[in-house]
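Inside the fold
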Amino acid sequence: MKPELASPVPLTTAPTTPASGSALDWQLPIEGMTCASCVGRIEKRLRALPGVLSADVNLATEQATVRTDATLGLSALKATVERAGYRVPTTTHRLAVSGMTCASCVNRVERALRKVSGVEEATVNLATETASVRTLAGVDPAALIASVVKAGYEARFAHDDGDGDGDGTRNSDTDAAGAPSATDGRSASVKRPWSAGGGPVLVAALLSAPLALPMLGLLIGRHWMLDGWLQWALATPVQFWLGARFYRAGWSALKDGSGNMDLLVALGTSAAYGLSVQELWRHGPMSHGLYFESAAVVITLVLLGKFLEARAKRQTLSALFALKELRPETARVRRDGVDLDLPVAQLRLRDLLVVRPGERIPADGRVQDGASQVDESLISGESLPVEKRVGDAVIGGAVNGEGLLLVAVTALGAESTLSRIVRMVESAQAGKAPIQRTVDRVSAVFVPAVLAIAAITLVGWGLWDGDWERAVIHAVAVLVIACPCALGLATPAAIMVGTGVAARRGLLIKDAQALEQARRVDHVVFDKTGTLTEGKARLLALHPAAGVEAADALACAAALQQGSEHPLARAVRDEAAQRGLPAATATSLTAVPGRGVTGEWGGRLLQLGSARWMQAQGVDLAVNEGALSAAAEAALRHGQTLSWLVERRDGHLVPLALLTFGDRIKETAAEAIRQLQAMGVRTLMLSGDNAGAAAAVGAQLGLDEVRGELLPQDKARIVTELRQTGARVAMVGDGINDAPALAAADVGMAMGGGTDVAMETAGITLMRGDPRLVAQAIGLSRATVAKIHQNLFWAFIYNLLGLPLAAMGLLSPVIAGAAMALSSVSVLGNALLLRRWKGVR
């Protein structure tokens, strides 16, 4: 039967098996077909694929029906269609999954999701309790929920912040997925049910305490043993009421043919409880072979461990909570001259926002009137307020300083800067680092291995000394000391904290792989313009001729440039304004394309333009005994741009000043290079500028290598060549021309003020145009991966030491249960220490 999907065109992406044999039938949606030749092209490609028995494409329904043998999968068919130049549309669904307790649960949920029709990939994160599922378009999202429920867990569509489709789905081509329900900022204030809080732990502790106290009494020579029936009465509600969650989850795992932590706890405590009931029945209430305290205390300790684990998880998400809390609920909007208080959801593009001092800016926009200082620290990581004037962009969520601002809305909802940041952080936290996939393979066989060890312990001790009661207790210790939870949490917990720390410092990590790869970087390649330099022309120097005042020469140049939008004209005006010169405009202005401008100001006839233009007019530039010529030659060697200011006197053009322009090096660039080199990282600069300009910047910053006059493809080629030599390369850029090199590098880093193309291509976005963030990104990556390794070490050491000790009879079930509970809490606590990371100095 073909499943009915929520789509205008019924698309069956499931492999259906015909009765005649082992062949499979697939149906794929296809986009981009325009005519019959497209149909023929796709059919030809599909039929040529090994394993395809038949392929038919329907242009009207835009789908392909393909019959294959059992060796061919969905990914191969999709790749073939895409290589033919067409698109198989996909959607990413975000689910919040509850009930998972360990890495084995993660594997079960992933397997269940991957069995659903049309699922291309499913990734589950234990720490955030989310699933990110990529499917072919048209797959019914309800089928995903049903598959998780069938596997024994609860699932719902993750809360979407108004920027999705309302059912927890996103287009995989534009948005990343992975937002956990726990990361919804509003969830922090929602009252959790009794079962999710500390209530069960408290009740279990009150019931278990009378059972555990006699054990303490034996240490001081006191016999406080309770009546056997009283022990039974105290232990039974702990075992079957408060411990019911372990039976439910364990039974679901058993029906699925797998195991998890809950199954181990349920088996171990049931064995201890059952043995005690048998002894109570056989020998009466004063029997000394009762182990009710072991069963009850183990359940209590495990419940306590899960409660502490949940609290620690919420702390790991604190950075995301802080980001989401930046979203204002209302905005003051000026419409038709009237100020209205409206919900942010009702804002429209180009609405005029009134932002008073101390208020949070409701949405992204551009200042239309007013001036102020804006605190963007929680978004960009920059601690100092940023000055904002008319025409400047502002970010929704930033705090206005002392001035009143009128802001025109430029972006709303999913397109706002804050929403994009939240999505990127969610995506990174929900994703899996490459090292986690190795852990997943280990955890897949962990529970079966523990069950085997427990069985061997039981049989071995029973045959060794014939004391089967003792053998059962040792087997129980083996079952409850196993720590699959710690294995499952070791990597995602560190990733969550690391990406949160990064977000607070102005670093956006696109995915967990970028965070892990950055630690291996030993070569950092910088673009020049906009990355190490400020990216806009500035007046670097003004050399006046003899007898000419510098201020007078600058005023003349500014008057000539008042009406121009040329970058050099803006640089002259900016410098004049900074020096407090009046903004006067020359008359009779005439622009000479590619050469310069002429005009009259203060009764003087002036010209400002290139040396070639001046020489063509016969201007003698060798004035001031050649001082200006020498300054011009020096500027040219450094790749700077020259303009000459001349005045017409008695029919002759007389030089007044030489103006040199260039792109200033960022104040923090030199320190950024020093930090990287101190970390053992080699620094390079690849620039499209002339070799002289590139060499001058490289010499000033102390770069290890500089190359100039490069095309975008040249940059990508050099990065590829470096990687082929075994180097681990990070590329830092901000423009469209840097995108090929960013994609070619092991890790791409884009400046936040750069183009969207660069930021989409890069794995890490630097929210401020500060090159020092490169060293911070590498340093944080190293710190995060170190935490992952520490966590994995502790998770494995608990099991490598604990399991043999329990099997040898050296650990009681109570001690084993405490160690198991402590393992998860210690892994999360160690990950939280990453929040104290001080950064690279």
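Cut-offs used in this document
The residue numbers shown here count from 1 along each chain, following its written sequence. Whole-chain, interface and lining totals are the exception, using all residues; otherwise, since this is a predicted model, local features are given only for residues with pLDDT of at least 70 and side-chain atom pairs are given and counted only at 80 or more. Processing note: side-chain calculations cover all non-hydrogen atoms of the structure and skip hydrogens and water entirely. Numbered from the N terminus, helices here are DSSP runs of H or I no shorter than four residues, and strands are runs of E no shorter than two. Each residue's exposure class comes from its accessible area (1.4 Å probe, protein chains only) as a fraction of the maximum for that residue type: buried when under 20%, exposed when over 50%, partly exposed otherwise. When checking whether two residues touch, look at their non-hydrogen atoms; a contact exists if any pair is within 4.5 Å. Accessibility throughout is a Shrake-Rupley quantity obtained with a 1.4 Å probe, and a residue counts as covered only by protein chains that appear here. Note on definitions: angles span 0 to 180 degrees between N-to-C directions of axes, and those axes are lines fitted to C-alpha atoms, for helices only across the stretch in contact. When describing relative orientation, an angle under 35 degrees is termed roughly parallel and one over 145 degrees roughly antiparallel, while 65 to 115 degrees is termed roughly perpendicular and anything else oblique. Residues were grouped as follows: Ala, Val, Leu, Ile, Met, Phe, Trp, Tyr, Cys and Pro as nonpolar; Asp, Glu, Lys and Arg as charged; and all remaining residues, including Gly, as polar. Multiplying one less than the number of residues by 1.5 Å gives the expected span of a helix. Two N or O atoms form a polar contact when they lie within 3.5 Å of each other; inside protein one atom must be a possible hydrogen donor and the other a possible acceptor, and for residues adjacent in sequence the pair counts only when both atoms belong to side chains. Residues enter patches when they are more than 30% accessible in relative terms and free of salt bridges; like-charged ones are connected within 9 Å and nonpolar ones (Val, Leu, Ile, Met, Phe, Trp, Tyr) within 5 Å. The rule for a salt bridge is simple: a side-chain nitrogen of Lys or Arg has to be within 4 Å of a carboxyl oxygen of Asp or Glu. The charge count includes Lys and Arg as positive and Asp and Glu as negative, but it does not include His or the ends of the chains. A charge is said to be at NZ when it belongs to Lys, at CZ for Arg, at CG for Asp and at CD for Glu. The angle between axes fitted to the seven-residue stretch ending at a residue and the seven-residue stretch beginning at it gives the bend at that residue. Only buried residues count toward a nonpolar core. Its members are Ala, Val, Leu, Ile, Met, Phe, Trp, Tyr and Cys residues joined through side-chain atoms within 4.5 Å. One requirement defines pairing of two strands: DSSP has to find at least two bridges between them. Aromatic pairing here means that ring centres of Phe, Tyr or Trp (its six-membered ring) are within 6.5 Å. Orientation follows from the plane angle: under 30 degrees is stacked, over 60 is edge-to-face, and everything else is tilted. UniProt positions are given in the numbering used here, feature names are shortened, and annotations may be inferred rather than shown by experiment. For every residue, the pLDDT score states the predictor's confidence, bounded by 0 at the bottom and 100 at the top.

1. Quick word on the overall build of the chain
Each helix and strand in the chain was counted, giving 28 helices and 30 strands. Here the chain, with 841 residues, has 53% of them falling under the buried criterion. Taking the intrachain contacts of the chain between residues at least 6 apart in sequence as the baseline, contacts between residues at least 24 apart amount to 69%. Within the structure as shown, the chain displays about 36200 Å² of accessible surface, and the carbon and sulfur contribution to it stands at 56%.

2. Things to note about the packing of helix H6 (residues 228-242) against helix H7 (residues 244-255)
For the pair H6 and H7, the least separation of the axes is 4 Å and the interaxial angle reads 40°. In terms of their interaxial angle, H6 and H7 are classed as oblique. Contacts between H6 and H7 involve Gln239, Phe240, Trp241 and Leu242 on the former and, on the latter, Ala244, Arg245 and Tyr247. Looking at the contact of H6 with H7, its residues break down into five nonpolar, one polar and one charged.

3. What to know about helix H15 (residues 468-481)
Because the α-helix completes a turn every 3.6 residues, residues three or four places apart line up on one side. Spanning 14 residues, H15 covers 20 Å between terminal C-alpha atoms, matching the ideal 20 Å at 1.5 Å per step. In terms of burial, H15 is largely enclosed, as 11 of its 14 residues are buried. Listed as buried for H15 are Ala471, Val472, Ile473, His474, Ala475, Val476, Ala477, Val478, Leu479, Val480 and Ile481. Backbone nitrogen of Glu469 and a side-chain oxygen of the N-cap are separated by 3.3 Å at the start of H15; the cap is Asp467.

4. Things to note about a positive patch on the surface
A contiguous patch of positive charge on the surface is contributed by Arg504, Arg835, Arg836, Lys838 and Arg841. Position of Arg836 relative to the elements: it lies in the segment after helix H28 (813-832). The class of Arg836 is exposed, set by a relative accessible area of 61%.

5. Considering H6
Between its first and last C-alpha, H6 extends 21 Å over 15 residues, near the 21 Å set by a 1.5 Å rise per residue. A maximum bend of about 30° is found in H6 at Ala235, where proline Pro237 lies one to four positions downstream.

6. A closer look at the nonpolar core
Counting residues in each nonpolar core, the largest one holds 122 residues, and the members touching the most others are Leu113, Val524 and Ile764. Sort the elements by how many residues they give to this core and helix H27 (residues 772-807) lands first, with 12 residues. With near-sequence residues (within four places) excluded, Leu113 lies in contact with Leu95, Val119, Ala122, Val124, Ala131, Val133, Leu144, Ser147 and Val148. Grouped together as the second largest cluster of nonpolar side chains are 37 residues, Leu554, Ala557, Leu560 and Leu628 included.

7. With respect to the side chain of Asn400
Mapped onto the secondary structure, Asn400 falls in strand S16 (residues 399-400). A relative accessible area of 2% means that Asn400 is categorised as buried. Separated by 3.2 Å, the side chain of Asn400 and the backbone oxygen of Val355 make a polar contact. When neighbours within four sequence positions are excluded, Asn400 is seen to be in contact with Val355, Arg356, Pro357, Gly358, Glu359, Ser372, Gln373, Val374 and Leu405.

8. Side note on the sheet that holds strand S1 (residues 24-29)
Taken together, three strands build an open sheet; the order of strands is S1-S3-S2 and the sheet is antiparallel. Because the sheet does not close on itself, it has two edges, and the strands there are S1 and strand S2 (52-58). The sheet shows a mean angle of 15° between the axes of neighbouring strands, taken without regard to direction. Sheet topology note: the S2/strand S3 (residues 63-68) ladder contains six bridges and is antiparallel.

9. Some words on the packing of aromatic side chains
We describe a pair of aromatic rings using the distance from one ring centre to the other and the angle between the two ring planes. Applying the stated rule across the entire model yields four aromatic pairs. Relative to Trp232, the ring of Trp229 lies with its centre 6.2 Å away and its plane at 80°, an arrangement referred to as edge-to-face. Of this pair, Trp229 and Trp232 both sit in helix H6, three residues apart, roughly one helical turn. Taking relative accessible area as the criterion, Trp232 reaches 35% and is therefore assigned partly exposed. Both rings, one in Phe240 and one in Tyr273, keep their centres 5.1 Å apart while their planes meet at 90°; by these two values the pair is edge-to-face. On the criterion of sequence distance, the pair formed by Phe240 in helix H6 and Tyr273 in helix H8 (residues 261-283) is long-range, its members being 33 residues apart. Given the relative accessible area of 44%, Phe240 is considered partly exposed. These aromatic residues form a ring-pair network of at least three members: Phe240, Tyr247 and Tyr273.

10. Describing the UniProt feature "transmembrane region" (unreviewed entry) in the chain
With numbering matched to this structure, UniProt assigns "transmembrane region" (unreviewed entry) to residues 201-223, 229-247, 289-308, 442-464, 476-503, 791-808 and 814-834. Span residues 229-247 is 95% helix and 0% strand, its end C-alpha atoms 24 Å apart. Segment residues 791-808 splits into 94% helix and 0% strand. End C-alpha atoms: 26 Å apart.

11. Comments concerning the pattern of salt bridges
If you walk through the whole model with that rule in mind, you get 29 salt bridges. Residue Arg538 is joined to Glu534 by a salt bridge in which the shortest nitrogen-to-oxygen separation is 2.3 Å. Overall, the relative accessible area of 24% leaves Arg538 in the partly exposed class. The exposure class assigned to Glu534 is partly exposed, which follows from its relative accessible area of 33%. The salt bridge involving Glu575 is made with Arg579; its shortest N-O contact spans 3.0 Å. Residue Glu575 is classed as buried on the basis of its relative accessible area of 12%.

12. Observations regarding the environment of Ala151
Position of Ala151 relative to the elements: it lies in the loop between helix H4 (141-150) and strand S7 (154-157). A residue is classified by how much of its surface remains accessible, and Ala151, at 5% relative accessible area, is buried. If we skip the residues at most four places from it in the chain, Ala151 touches Arg108, Ala112 and Ser252.

13. With respect to the environment of Leu508
Relative to the assigned elements, Leu508 resides in strand S18 (residues 507-509). For Leu508, a relative accessible area of 5% puts it in the buried group. Taking the C-alpha atoms as reference points, Leu508 and Ala750, 242 residues apart in sequence, are found 9.8 Å from one another.

14. Topic: a nonpolar patch on the surface
There is a patch of nonpolar side chains on the surface, built from Trp229, Trp232, Val277 and Trp281 and spanning about 480 Å² of accessible area. Counting residues per element, the ones that place at least two in the nonpolar patch are H6 and H8. Looking at the element boundaries, Val277 is found in helix H8.

15. Looking at the sheet that holds strand S22 (residues 596-601)
One open sheet holds the six strands; their spatial order is S20-S25-S24-S23-S22-S21, and the pairing between them is antiparallel. The strands lining the two open edges of the sheet, one partner per strand, are strand S20 (533-544) and strand S21 (587-592). Geometrically, the sheet is characterised by an average inter-axis angle of 20° between neighbouring strands, direction not taken into account. By the bridge criterion, six bridges tie S22 to strand S23 (residues 604-609) in an arrangement that is antiparallel.

16. Structural notes on the confidence of the model for the chain
For the chain, per-residue confidence averages 78 on the pLDDT scale, and 81% of positions sit at 70 or higher. Every residue in residues 1-14 scores below 50 in pLDDT, and together they form 38 contacts with partners more than four places removed in sequence or on other chains. Scored below 50 in pLDDT, residues 16-20 makes 11 contacts in the model with residues more than four places away or belonging to other chains.

17. A closer look at the pairing of S1
When you tally the buried positions in S1, you get five out of six residues, the bulk of the element. Relative to S3, S1 is paired through six bridges, and the arrangement is antiparallel. What sits directly across from Trp26, in S3, is Val66.

18. Thoughts on unusual backbone geometry
Despite not being glycine, Arg350 has its phi angle at roughly 75°, a positive value. Along the polypeptide, Arg350 turns up in the loop between strand S10 (338-343) and strand S11 (352-355). For Arg350, a relative accessible area of 69% gives the class exposed. Phi at Asp650 takes a positive value of approximately 55°, unusual for a residue other than glycine.

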